[in-house]
Amino acid sequence: MLLEIAVTSSSGVAIAAQEGAHRVELTTALELGGLTPSQGLMEAGMEAAGGAVEVHPLIRCRPGDFLYSAEELGLMEREIRTLISQGATGVVVGALTADGEIDREALLRLSAAARDVSDRAELTLHRAIDQVRDAESALDTVIGLGFTRVLSSGQRPTVAAGLRQLESMRRHAQGRIQIMAGGGLSLEDIPAVQAAGLDAVHLSAKKVISTAQGEAVSLGAADGADPTAYLVTDADVVRAARQAIDG
């Protein structure tokens, strides 16, 4: 079973590589569910990877739902072409229709953008699948589009709660697509995920850094959150995840 870490910086890429991750999802704004990394971050991330870990950028042009306009899809096509040309092994994408189905036409556009640059580009369907009405039908759709894997928590808030559904998805896939467990995943969940025969686990392995001393002046956060706080990749968590996989 493989280990994927969601990271938001080149230092996160380096930590993931050093601690034995097989792949990183490169993103920004994890607190918003993740957004597309910049070209500069992608360049720095590739340098930090040094060929030791695959880099797969998340392609998501805004927070919120997965119902995209033609203009938003056009932007994400541009992002895909640019980031694949910078060396990404693959991209992480997802799009839904208003009635809770996989948006096949949108994913066809996004997958074509990746394969136009590299016919070996891997395609991961992100947790948009956790919002569809029929996960097995969604799997069939993305398999038909040539996707490599799907990231899911089994349509529940956490992998632990959705493990039975993840097992069902694995059985339905019959090896036609990889099933990667992620979303509310704890280190303690890894043995059960591995026993279920899933292909990979995905976690952010994050910790919060704060430099606040006393009461910090708000910079516009509506929820009154610490304005100095930010997320970094925790090497100890990545190391522990790899050790859990290795048994």
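Below: a short report on this structure. (Residues numbered from 1 in each chain as written. Predicted model: local features only at pLDDT ≥ 70, side-chain atom pairs only at ≥ 80, totals over all residues. Heavy atoms only, no water.)

Thoughts on the overall build of the protein chain
Here is step 1 of the chain: Helix and strand counts for the protein chain come out as eight helices and ten strands.
Here is step 2 of the chain: For 247 residues, the compact-globule estimate of 2.2 N^0.38 gives 18 Å, and the protein chain sits close to it at 18 Å.
Here is step 3 of the chain: The dimensions of the protein chain, computed from C-alpha atoms along their principal axes, are 55 × 45 × 35 Å.
Here is step 4 of the chain: By residue count, 48% of the 247 residues in the protein chain fall in the buried class.
Here is step 5 of the chain: Approximately 11200 Å² of the protein chain is accessible, and the part contributed by carbon and sulfur atoms is 47%. (Helix = DSSP H or I, 4+ residues; strand = E, 2+ residues; numbered from the N terminus. Rg over C-alpha atoms; globule rule 2.2 N^0.38 Å. Buried < 20%, exposed > 50% of the residue type's maximum accessible area, 1.4 Å probe, protein only. Areas by Shrake-Rupley, 256 points an atom, 1.4 Å probe, with all protein chains shown as cover.)

Description of the packing of helix H1 (residues 10–18) against helix H2 (residues 39–49)
Here is step 1 of the chain: Interaxial distance between H1 and H2 falls to 8 Å at its minimum, and their mutual angle equals 25°. As judged from the angle between their axes, H1 and H2 are roughly parallel. Between H1 and H2 lies a crossing of right-handed hand. The segment H1 lies against H2, with Ser10, Val13 and Ala14 engaging Leu41, Ala44, Gly45, Ala48 and Ala49. (Axes fitted to C-alpha atoms, helices over the stretch in contact; angles between N-to-C directions. Parallel < 35°, antiparallel > 145°, perpendicular 65-115°, else oblique. Left-handed = near helix turned anticlockwise from the far one by under 90°. Contact = heavy atoms within 4.5 Å.)

Things to note about the pattern of salt bridges
Here is step 1 of the chain: Within the structure shown, the criterion is met by twelve salt bridges.
Here is step 2 of the chain: The salt bridge involving arginine 149 is made with glutamate 122; its shortest N-O contact spans 2.8 Å. Here glutamate 122 lies in strand E5 (residues 122–125) and arginine 149 lies in strand E6 (residues 149–152), a separation of 27 residues in the sequence.
Here is step 3 of the chain: Residues joined by salt bridges that share partners form a network here, namely Glu19, Asp236 and Arg239. (Salt bridge = Lys/Arg side-chain N within 4 Å of Asp/Glu carboxyl O.)

Points about the layout of surface pockets
Here is step 1 of the chain: Within this model, the largest pocket holds a volume of roughly 680 Å³.
Here is step 2 of the chain: The wall of the largest pocket is formed by 31 residues, among which Leu30, Gly33, Arg127, Gly183 and His202 lie closest to the centre.
Here is step 3 of the chain: Partitioned by chemical class, the residues of the lining of the largest pocket number 13 nonpolar, eleven polar and seven charged.
Here is step 4 of the chain: Roughly 230 Å³ of volume is contained in the second largest pocket.
Here is step 5 of the chain: Contributing to the lining of the second largest pocket are Thr8, Ala29, Leu30, Glu31, Val208, Ala225, Asp226, Ala229, Tyr230 and Leu231.
Here is step 6 of the chain: Considering only residue class, the lining of the second largest pocket consists of seven nonpolar, one polar and two charged. (1 Å grid on protein atoms, 1.4 Å probe; cavity = no way out; pocket = protein on both sides within 12 Å on 5 of 7 lines; lining within 4 Å. Points joined across faces, edges and corners; volume = space filled by probe spheres on them. Nonpolar A, V, L, I, M, F, W, Y, C, P; charged D, E, K, R; others polar.)

Quick word on the environment of leucine 203
Here is step 1 of the chain: Its place among the elements puts leucine 203 in strand E8 (residues 200–203).
Here is step 2 of the chain: Filtering out sequence-adjacent residues up to four positions away, leucine 203 remains in contact with Leu3, Glu4, Ile5, Ala6, Leu185, Leu187, Val237 and Ala241.

Overview of the sheet that holds strand E1 (residues 2–7)
Here is step 1 of the chain: Within the open sheet, the eight strands sit side by side as E3-E2-E1-E8-E7-E6-E5-E4. Their pairing is parallel. Only two strands of the sheet have a single neighbouring strand rather than two, namely strand E3 (54–57) and strand E4 (90–93). Direction aside, neighbouring strands of the sheet carry axes that sit 25° apart on average.
Here is step 2 of the chain: Two strands pair when backbone bridges link them, and strand E2 (residues 23–26) and E3 are joined in this way by four bridges, in the parallel orientation. Across the sheet, leucine 26 pairs through a bridge with proline 57, a residue of E3.
Here is step 3 of the chain: Of the strands in this sheet, E2 and E3 are in contact with H2, which crosses E3 at around 160°. (Pairing = 2+ DSSP bridges.)

Thoughts on helix H4 (residues 104–117)
Here is step 1 of the chain: Its 14 residues place the ends of H4 20 Å apart at the C-alpha level, agreeing with the 20 Å of an ideal helix rising 1.5 Å per residue.
Here is step 2 of the chain: Of the residues making up H4, those classed as buried are Ala106, Leu107, Leu110, Ser111, Ala113 and Ala114. Down the axis, H4 shows its buried residues gathered within 150° of arc, on one side only. (Expected span 1.5 Å × (residues − 1). Arc of directions from axis to C-beta.)

Side note on unusual backbone geometry
Here is step 1 of the chain: Of note in this structure, alanine 29 is not a glycine but carries a positive phi near 55°.
Here is step 2 of the chain: Phi at glutamine 155 takes a positive value of approximately 60°, unusual for a residue other than glycine.
Here is step 3 of the chain: Relative to the assigned elements, glutamine 155 resides in the loop between E6 and helix H6 (159–173).

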